[in-house]
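Overview (structure and organization)
As a plain string of letters, each chain reads:
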Amino acid sequence: MRERKPTSNSLARLKEQLGQISDLSNVASLLNWDQQVNMPPGGSEARAHHLSTVESLEHTLFVADETGQLLEEAAEEVISLPYESDDASLVRVAQREYEKMRRVPESLVTERAQATSRAFDAWQKARAESDFESFEPHLERVLELTIQYAEAIGYDEERYDALLDRYEPEMKTSQLIAVFEELKSGLIPLVEAITKQGQRIDDSLFKRRYPDQAQWDFGTLILEDIGFDFEHGRQDRSTHPFTASFSPLDVRLTTRVKPDRFQSALFGTIHEGGHALYDQGIHPDLIRTPLCTGASYGVHESQSRLWENLIARSRAFWSHYLPVLREFFPDQLTDVDVDTFYRAINRVQPSLIRVEADEVTYSLHIFLRFELEQALLNDELDVAHLPDAWNAKMEKYLGVVPPDDARGVLQDVHWSGGLFGYFPSYALGNLLAAQFYDKAFAEMPALPNQIGAGDLGPLLTWLREHIHQHGKKFTPAELVKRVTDEKMTAESFLTYLREKYSQIYELDTSR
Ligand code: ZN
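All chains use their own residue numbering, which begins from 1 and follows the written sequence. In keeping with the predicted nature of the model, local features appear solely for residues at pLDDT of at least 70, side-chain atom pairs appear and are counted solely at 80 or more, and the whole-chain, interface and lining totals rest on all residues. Only heavy atoms go into the side-chain values, all of them from the structure, while hydrogens and water stay out.

**Points about the coordination of the zinc ion**
Definition in use: Water is not part of the atom set, so a site may look incomplete; the donors themselves are N, O and S atoms within 2.8 Å of the metal, or 3.2 Å for Na, K and Ca. The helix and strand labels rest on DSSP assignments: H or I over at least four residues marks a helix, E over at least two residues marks a strand, and numbering proceeds from the N terminus. Classification of residues uses two cut-offs on accessible area relative to the type maximum, computed with a 1.4 Å probe and protein chains only: under 20% is buried, over 50% is exposed, and between them is partly exposed.
Each protein donor to the zinc ion is listed here as H271 (NE2), H275 (NE2) and E301 (OE); together their distances run 2.1 to 2.3 Å. Counting along the primary sequence, the residues that act as donors to the zinc ion give the motif H-x3-H-x25-E. Placement of the pair is H271 in helix α10 (residues 262-281) and E301 in helix α11 (residues 297-311), with a sequence separation of 30 residues. Assessed through its relative accessible area of 6%, E301 is described here as buried.

**Some words on a negative patch on the surface**
What counts here: The patch calculation keeps residues exceeding 30% relative accessible area without a salt bridge and links them within 9 Å when they carry like charges or within 5 Å when they are nonpolar (Val, Leu, Ile, Met, Phe, Trp, Tyr). Using a 1.4 Å probe, the Shrake-Rupley method yields the accessible areas, and only the shown protein chains count as cover for residues. Take a side-chain nitrogen of Lys or Arg and a carboxyl oxygen of Asp or Glu: if they are within 4 Å of each other, that pair is a salt bridge. The positive count covers Lys and Arg only, the negative count covers Asp and Glu only, and His and the chain ends enter neither. Here the site of a charge means atom NZ of a Lys, CZ of an Arg, CG of an Asp or CD of a Glu.
On the surface, a cluster of negative charge is made up of D438, E486, E491 and E499. As for its placement among the helices and strands, E491 is situated in helix α21 (residues 491-504).

**A look at helix α5 (residues 106-129)**
The test is simple: By definition here, a helix of n residues has an expected span of 1.5 Å times n minus one. Here, residues are in contact when the closest pair of their heavy atoms is within 4.5 Å.
Taking 1.5 Å of rise per residue, 24 residues should cover 34 Å, and α5 covers 35 Å from first to last C-alpha, within 8% of that figure. Where α5 is buried, its residues contact α6 (132-153) and α7 (159-167). In the stretch just after α5, S130 is the one whose phi turns positive, near 45 degrees.

**Concerning the packing of helix α8 (residues 173-197) against helix α17 (residues 424-443)**
Helix packing for two helices is described by the angle between their axes and how far apart those axes are. Counted only if it meets this: Angles run from 0 to 180 degrees between N-to-C directions of axes, and those axes are lines fitted to C-alpha atoms, restricted for helices to the stretch in contact. Angular relationships are summarised with four words: roughly parallel below 35 degrees, roughly antiparallel beyond 145, roughly perpendicular across 65 to 115, and oblique for the angles in between. Handedness of a crossing is defined here by the sense of rotation of the near helix relative to the far one, left-handed for an anticlockwise turn of less than a right angle and right-handed for a clockwise turn. When residues are sorted by character, Ala, Val, Leu, Ile, Met, Phe, Trp, Tyr, Cys and Pro go into the nonpolar class, Asp, Glu, Lys and Arg into the charged class, and all the rest, Gly among them, into the polar class.
With their axes 12 Å apart at the nearest point, α8 and α17 run at an angle of 60 degrees to one another. Taken together, the axes of α8 and α17 are oblique relative to one another. Regarding α8 and α17, the two cross each other, and that crossing is left-handed. Along the contact surface, α8 presents L176, V179, F180 and L183, while α17 presents P424, A427, L428 and L431. Taken together, the residues of the contact of α8 with α17 break down into 8 nonpolar, no polar and no charged.

**A closer look at the nonpolar core**
Nonpolar side chains in soluble globular proteins generally cluster together in the buried interior. Inclusion rule: The nonpolar core is taken to be a set of buried Ala, Val, Leu, Ile, Met, Phe, Trp, Tyr and Cys residues, with the residues joined through side-chain atoms within 4.5 Å.
One finds W307, W318 and F341 to be the most contacted residues of the largest nonpolar core, which totals 151 residues. Once residues lying within four places of it in the same chain are set aside, the contact partners of W318 are F218, L266, A312, R313, P323, L325, V338, F341 and I345.

**Let's talk about the domain arrangement of the protein chain**
Bring the parts together and some accessible area is lost; that lost area is often taken as the interface size. The criterion, for reference: Boundaries of every domain are those given by an automatic assignment or by a domain database. A 1.4 Å probe defines the accessible area here, and the buried area is the portion of it lost by two parts on being joined, summed over both. Pairing of N or O atoms within 3.5 Å defines a polar contact, subject to two protein rules: one partner must be a possible hydrogen donor and the other a possible acceptor, and residues neighboring in sequence count only if both atoms are side-chain atoms.
Under the domain assignment used here, the protein chain contains domain 1 (9-154) and domain 2 (173-505). At the junction of the two partners, domain 1 supplies 39 residues and domain 2 supplies 42 residues. Both sides together, the interface formed by domain 1 and domain 2 hides about 3400 Å², and carbon and sulfur atoms give 65% of it. Our count for the contact surface shared by domain 1 and domain 2 stands at 3 salt bridges. A salt bridge links D86 to K473; the shortest N-O distance between them is 2.7 Å. Where domain 1 meets domain 2, there are 12 residue pairs in polar contact (both at pLDDT 80 or more). By residue class, the composition of the side of domain 1 that touches domain 2 is 18 nonpolar, 11 polar and 10 charged.

**Overview of the pattern of salt bridges**
Taken as a whole and judged by the stated rule, the model has 31 salt bridges. In this structure, K500 engages E359 in a salt bridge whose closest nitrogen and oxygen atoms are separated by 2.7 Å. Pair noted here: K500 is in helix α21 and E359 is in the loop between α14 (338-344) and α15 (362-377), with a separation of 141 residues, a long-range link. Take K500 and E359: they sit in the same class, and that class is buried. It is possible to trace a salt-bridge network through shared partners that takes in R96, K100, D165 and E170.

**Details of the sheet that holds strand β3 (residues 250-255)**
Just so we agree on the cut-off: The rule for pairing is simple: two strands pair if DSSP sees at least two bridges between them.
With respect to topology, 3 strands assemble into an open sheet ordered β1-β3-β2, the strand pairing being mixed. Only two strands of the sheet have a single neighbouring strand rather than two, namely β1 (233-237) and β2 (243-247). Adjacent strand axes in the sheet meet at a mean angle of 20 degrees when their direction is disregarded. Pairing between β2 and β3: 4 bridges, direction antiparallel. Among the inter-strand pairings, S245 is bridged to a residue of β3, identified as V251. Strands in contact with helix α1 (residues 9-37) are β1, β2 and β3; relative to β2, the strand with the most contacts, it is inclined by about 145 degrees. Across the sheet, helix α9 (residues 212-226) touches β1 and β3, and the angle it forms with β1 is around 155 degrees.

Next up, the structure:
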């Protein structure tokens with residue numbers, strides 16, 4: 001056994017190099033945050049230059065020969081360290097990413113950046129005018145370059161693997177399909193049972209107007225209660241809510257507040273709050289390293305959905321918070337009791353728009369997108385036939401057909417940005433939220449009572465210890481195994497949905 005000091009020269013130099021790369025990445029993220037929160041419309045051209053320069057510096061520095069050299073030497077230095085040590089994890093994760101990125105030719109990186117930037121503008125216009133044809137050539141080009149990217153990265157089983165890996169490190173498409181099939185077989189009968197039951201849930205309370213400021217203030221109170229640290233973060237307004245982290249010590253989230261869209265700010269704030277808690281909970285030792293982020297997009301989404309759905313759409317939560325909410329909106333909510341409120345926020349309704357979907361039908365929107373992406377990537381579907389294929393799958397999975405492409409195939413920004421392989425993470429987030437919650441509950445049987453008393457601290461402490469602090473040290477599969485001692489599975493999520501919605505919709509579950 002060789003004994004080495006944990007830090008010697010190459011490792012220290014590698015850390016400095018990766019530290020600079022991480023700084024550039026966080027600067028880009030700050031520029032992007034500013035663009036969406038503060039920037040006047042006239043600033044967009046200058047901002048595009050700023051971002052492109054910073055991002056290209058980051059990329060060049062990362063794929064430099066020197067980084068590879070330092071990684072090789074540092075790998076030798078950490079060889080005797082435990083797998084989960086910070087340094088061994090740093091080298092392992094960075095090396096894997098480095099080898100992948102080195103396979104992508106510089107010219108392809110530039111071409112993709114240009115094509116996606118043009119496609120984004122075309123998509124915005126096409127969506128506004130519900131005109132798929134004007135977007136079609138742009139999407140074709142982006143798809144072509146995405147296929148080239150996947151071929152450059154390489155894969156063991158199928159092309160989609162190379163794309164999925166960006167969002168869910170080391171997950172194979174075949175594994176994803178297995179989990180999705182499990183989910184599908186439980187979800188489709190449940191949605192059918194709910195729709196057949198045909199019960200009308202009274203959600204007229206959402207037709208009332210809720211003043212902006214009171215919505216903002218209640219959101220702030222909830223963020224404080226779930227443990228968001230305003231010393232190390234802030235909330236702002238933006239058109240599309242999102243969370244950006246420049247360091248665990250400076251995490252920004254945004255929300256969207258409208259008097260006639262009460263649910264949007266309420267649950268949007270808690271959703272982004274869940275992301276932000278994850279980012280704030282990463283161990284400070286991982287700052288300025290590539291480990292200072294979530295394990296995967298799906299794991300990140302599990303944290304937002306856990307707070308948004310499993311906690312903030314539970315009866316226990318509102319038995320405590322509805323009286324508080326009523327103080328903010330006495331005129332709107334005096335006649336609303338916990339039962340009415342709970343049922344209204346959990347109404348299930350197959351619908352056209354993914355981002356407005358309830359937690360039961362949400363994953364159906366993802367199956368559709370995942371299947372279309374696979375067909376496009378495997379040359380089984382032309383871009384020209386995409387709207388028809390979209391509408392057919394909407395009919396199959398959700399029983400509704402979009403009246404136009406704006407509310408259909410043009411609704412999401414992702415494909416214009418070449419983000420094929422991203423959508424599955426949203427559905428995985430639902431599954432993992434339930435799996436993590438089950439484990440937390442098994443270890444802390446008092447959890448529902450604590451939630452019912454507005455005591456949300458113990459859950460956050462548990463999430464910090466088991467998930468947040470590790471950042472990106474583990475792959476999603478490794479993390480799930482460590483936390484739950486299971487593989488990724490749809491079982492917890494399906495059980496959660498069945499129990500909750502059988503009660504709300506008075507379904508006969510004896511069959
Ligand atoms: Zn999210």
